[in-house]
Amino acid sequence: MNALCLPRALAAHAMLRRRGIESRLCLGVARDRGALSAHAWVEIGNDKIVGGAEAEGFARLAAFGGVLR
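Residues numbered from 1 in each chain as written. Predicted model: local features only at pLDDT ≥ 70, side-chain atom pairs only at ≥ 80, totals over all residues. Heavy atoms only, no water.

## Quick word on the overall build of the protein
Next up, step 1: Counting its secondary structure elements, the protein contains 1 helix and 4 strands.
Next up, step 2: Taking the principal axes of the C-alpha coordinates as reference, the protein spans close to 45 × 25 × 15 Å.
Next up, step 3: Per-residue burial over the protein gives 23% buried out of 69 residues.
Next up, step 4: Put simply, 48% of the contacts in the protein that link residues at least 6 apart link residues at least 24 apart.
Next up, step 5: For the protein, the exposed area adds up to about 4900 Å²; of that, 53% sits on carbon and sulfur atoms.
Next up, step 6: Charged side chains of the protein number 10 positive and 6 negative; the gap between the two group centres comes to 8 Å. (Helix = DSSP H or I, 4+ residues; strand = E, 2+ residues; numbered from the N terminus. Buried < 20%, exposed > 50% of the residue type's maximum accessible area, 1.4 Å probe, protein only. Contact = heavy atoms within 4.5 Å. Areas by Shrake-Rupley, 256 points an atom, 1.4 Å probe, with all protein chains shown as cover. Lys, Arg positive; Asp, Glu negative; His and termini not counted. Charge placed at Lys NZ, Arg CZ, Asp CG, Glu CD.)

Here's what the structure looks like:
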């Protein structure tokens, strides 16, 4: 299993936060033929900037955001 979406999303969210850019780290799940799949992506405003192409079909369970001040 090569689940790279979470470390990529965490890194992108941290880099944006350090630069004062408000973003959301999103975690979601989807069901595919009875199996549960998870995915992480990063959003700025309404745009999915990291992992967004794969996020289609995933229901958001949690979103974490904010700017380091």
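## Section: the environment of Cys5
Next up, step 1: The topology assignment puts Cys5 in helix 1 (residues 5-18).
Next up, step 2: For Cys5, a relative accessible area of 22% translates into the label partly exposed.
Next up, step 3: Separated by 35 residues in the primary sequence, Cys5 and Ala40 place their C-alpha atoms 5.5 Å from one another.
Next up, step 4: Setting aside its immediate chain neighbours within four residues, Cys5 contacts His39 and Ala40.

## Notes on the nonpolar core
Next up, step 1: Among the nonpolar cores identified, the biggest contains 6 residues, and these are Ala9, Ala12, Leu16, Leu25, Ala40 and Val42.
Next up, step 2: Counting residues per element, the ones that place at least two in this core are helix 1 and strand 2 (35-44).
Next up, step 3: Contacts of Ala9, omitting those with residues within four sequence positions, involve Leu25, Ala40, Trp41, Val42 and Val50. (Core = buried A, V, L, I, M, F, W, Y, C linked by side-chain atoms within 4.5 Å.)

## Some words on the confidence of the model for the protein
Detailed conclusions should not be drawn from predicted coordinates in areas where pLDDT is low.
Next up, step 1: Put simply, the protein has an average pLDDT of 89, and 91% of its residues get 70 or more.
Next up, step 2: Model confidence for the protein, summarised as mean pLDDT per element, is weakest for strand 4 (residues 59-66) at 88 and strongest for helix 1 at 94. (pLDDT = per-residue confidence, 0-100.)

## What about the pairing of strand 2?
Next up, step 1: Where strand 1 (residues 23-32) meets strand 2, 9 bridges bridge the pair, whose relative direction is antiparallel. Bridge pairing in strand 2 places Arg24 opposite Glu43.
Next up, step 2: For strand 2 and strand 3 (residues 47-50), the ladder comprises 3 bridges, and the chain directions are antiparallel. Each residue of the ladder has a partner; that of Glu43, found in strand 3, is Lys48. (Pairing = 2+ DSSP bridges.)

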